[in-house]
Amino acid sequence: MDRPKLEVAGIFRRYGGAYREKHGASMSTAQRRVMSAIEMCRTAALGGQIEQCDACGEQRICYRSCRNRHCPKRQSLARAEWIEHRQAELLNCGYFHVVFTVPDKIATIAYQNKEVVYNILFQATAETLRTIAADPKHLGAEIGFFAVLHTWGSALLHHPHLHCVVPGGGISPDGTRWIPCKPGFFLHVRVLSLLFRRLFLEQLQNAFDSGKLQFFTALESLRDRRACVRYLEPLKKAKWVVYAKRPFAGPEQVLDYVGRYTHRIAISNNRLLDIEADQVSFRYKDYRDHSQQKTMTLSAEEFIRRFLLHVLPHGFHRIRYYGFLGNRNRQEKLTQCRQLLGMALPQTPPESSEVQDYRDRCEELNGVSLRLCPVCRRGHMVLIDTLAARRRPAIKDTS
């Protein structure tokens, strides 16, 4: 696979030192870790191995990955493995894609209180979907779905929203039948929006009353309860955006499409166009102009600032599962769903005790061989030596 000529890592290595000197006092520990991890990724700092082609003798050095989830260079294998795990969970029904977005005033609070507000976003969204779906006036069934947090827009600005993927139906209250959605229709987005707004604001106010919210700089006045109430009051009548995208064509389309959302980061290396004279240019999609592809140029400092807006708290789970897809009873509930839908139960592959090499795993999932010699295209690269890390590696991100 050809690697992009420009990388976020290159921007961090070139301009990261100056950014730390200027903004270090306001950077979180998580942001510092992400910067360091991306800078060291695929470099001698993390060590690696020397490989040689068994046919032509070509040698190459393969440095280790930082394994940080914010790094643009580690998403392909993670995405493929996630898709493989979800493959057996597909049901023979339609699927819907619903997006929940918070207003800009909430996004401002969220940036200073990421863990608290993002958790509220998940909780309010899940309660909204499950409550409306369980109502006999709408669907009258127990549904299942997963939600993926995105915190960015195409221009890298802070824009928290959840992408939810929902099978088109659910289990009846007595558990004896599958209740399907109407063809091409899931739930009324207006009804979802109203309940989502109420639940979110109630939970946010509860978080404030419990002392879980912190306010700094321009939001410092919100530490006073009356000021906070005045700040949130207009949002009780504002329109909160909940929209349903066009239904998926079928279960086969779901994972390929959704895989783009689950392991996407703020910007991929492929979108970078130029790094020159302290300026970074990249492609973005202008949704206000019929989704036209355009070029944006930012100072390197501003590019780094926008990238770091989207660093999540350590250990925060950005993909969560609910209803009959919830982790606790998922297999039992999925078996029930398959029986109600008349589906055959999936075959469980035998578990292997061997730890598979990441190169074999990549070829198995993506069909791309990392062992094939890039020069002669006949031989295979064989390990001949290892390289020790030159410095202590970044802390592994396992969240």
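Residues numbered from 1 in each chain as written. Predicted model: local features only at pLDDT ≥ 70, side-chain atom pairs only at ≥ 80, totals over all residues. Heavy atoms only, no water.

With respect to the secondary-structure elements, Asn-92 resides in the loop between helix 3 (75-87) and strand 3 (95-101). Residues Asn-92 and Pro-251, 159 residues apart in the sequence, show an inter-C-alpha distance of 6.6 Å. The contact partners of Asn-92, leaving out residues within four places of it in the chain, are Pro-251, Leu-341 and Met-343. (Helix = DSSP H or I, 4+ residues; strand = E, 2+ residues; numbered from the N terminus. Contact = heavy atoms within 4.5 Å.)

Further remarks concern the packing of helix 2 (residues 29-40) against helix 9 (residues 300-308). Geometry of a packed helix pair, given as the angle between the helix axes and the separation of the axes. Direction vectors running N to C along helix 2 and helix 9 enclose 115°, while the axes themselves pass 11 Å from each other. The chirality of how helix 2 crosses helix 9 is right-handed. In this structure, helix 2 contributes Gln-31, Val-34, Met-35 and Ile-38 to the contact, and helix 9 contributes Ile-304, Phe-307 and Leu-308. Among the residues forming the contact of helix 2 with helix 9, the class breakdown is six nonpolar, one polar and no charged. (Axes fitted to C-alpha atoms, helices over the stretch in contact; angles between N-to-C directions. Left-handed = near helix turned anticlockwise from the far one by under 90°. Nonpolar A, V, L, I, M, F, W, Y, C, P; charged D, E, K, R; others polar.)

By the definition in use, this model includes 15 salt bridges. The shortest N-O distance in the salt bridge between Asp-224 and Arg-226 comes to 4.0 Å. Under the relative-accessibility criterion, Asp-224 is labelled partly exposed at 34%. The class of Arg-226 is exposed, set by a relative accessible area of 62%. The network of salt bridges with shared partners includes Arg-86, Glu-89 and Arg-330. (Salt bridge = Lys/Arg side-chain N within 4 Å of Asp/Glu carboxyl O. Buried < 20%, exposed > 50% of the residue type's maximum accessible area, 1.4 Å probe, protein only.)

What follows deals with the layout of surface pockets. Its boundaries defined by the atoms lining it, the second largest pocket holds a volume of some 730 Å³. If you go around the second largest pocket, you meet 26 residues; those closest to its centre are Ser-26, Gln-31, Tyr-111, Gln-112 and Lys-114. Elements supplying a minimum of two residues to the lining of the second largest pocket: helix 1 (8-23), helix 2, helix 4 (104-112), helix 5 (114-134) and helix 9. Tallied by class, residues from the lining of the second largest pocket come to twelve nonpolar, ten polar and four charged. (1 Å grid on protein atoms, 1.4 Å probe; cavity = no way out; pocket = protein on both sides within 12 Å on 5 of 7 lines; lining within 4 Å. Points joined across faces, edges and corners; volume = space filled by probe spheres on them.)

What describes a pair of aromatic rings is the distance from one ring centre to the other and the angle between the planes of the rings. Applying the stated rule across the entire model yields 14 aromatic pairs. Measuring from ring centre to ring centre gives 5.5 Å for Phe-96 and Phe-186, while their planes differ by 25°; the resulting arrangement is stacked. One end of the pair, Phe-96, is in strand 3; the other, Phe-186, is in the loop between strand 7 (178-180) and helix 6 (189-209), and 90 residues separate them in sequence. Exposure remark for Phe-186: the relative accessible area of 6% places this residue in the buried category. Considering the side-chain rings of Phe-208 and Phe-215, the 6.2 Å spacing of their centres and the 40° angle between planes classify their relative orientation as tilted. On the basis of relative accessible area, Phe-215 is assigned to the buried category, the value being 2%. (Phe/Tyr/Trp six-rings, centres within 6.5 Å; stacked < 30°, edge-to-face > 60°.)

The pairing of strand 10 (residues 279-286) with strand 11 (residues 292-299) spans eight bridges and is antiparallel. Among the inter-strand pairings, Lys-285 is bridged to a residue of strand 11, identified as Gln-293. Counted between consecutive antiparallel strands, the loop separating strand 10 from strand 11 contains five residues, among which His-290 sits at a positive phi close to 55°. (Pairing = 2+ DSSP bridges.)

Overall, the predicted model of the protein reaches an average pLDDT of 88, with 91% of residues at or above 70. Confidence drops under pLDDT 50 across residues 393-399; counting only partners more than four residues distant or on other chains, this segment forms 16 contacts. (pLDDT = per-residue confidence, 0-100.)

Attention now moves to the sheet that holds strand 10. The strand order 9-10-11 describes an open sheet built from three strands, whose pairing is antiparallel. This sheet does not close on itself; its edge strands, each paired only once, are strand 9 (272-276) and strand 11. Across the sheet, the mean angle from the axis of one strand to that of its neighbour is 25°, orientation sign disregarded. Set on the sheet, helix 1 makes contact with strand 9 and strand 10; between it and strand 9 the angle comes to about 15°. Helix-sheet contacts for helix 9 involve strand 9, strand 10 and strand 11, and the interaxial angle to strand 11 is about 110°.

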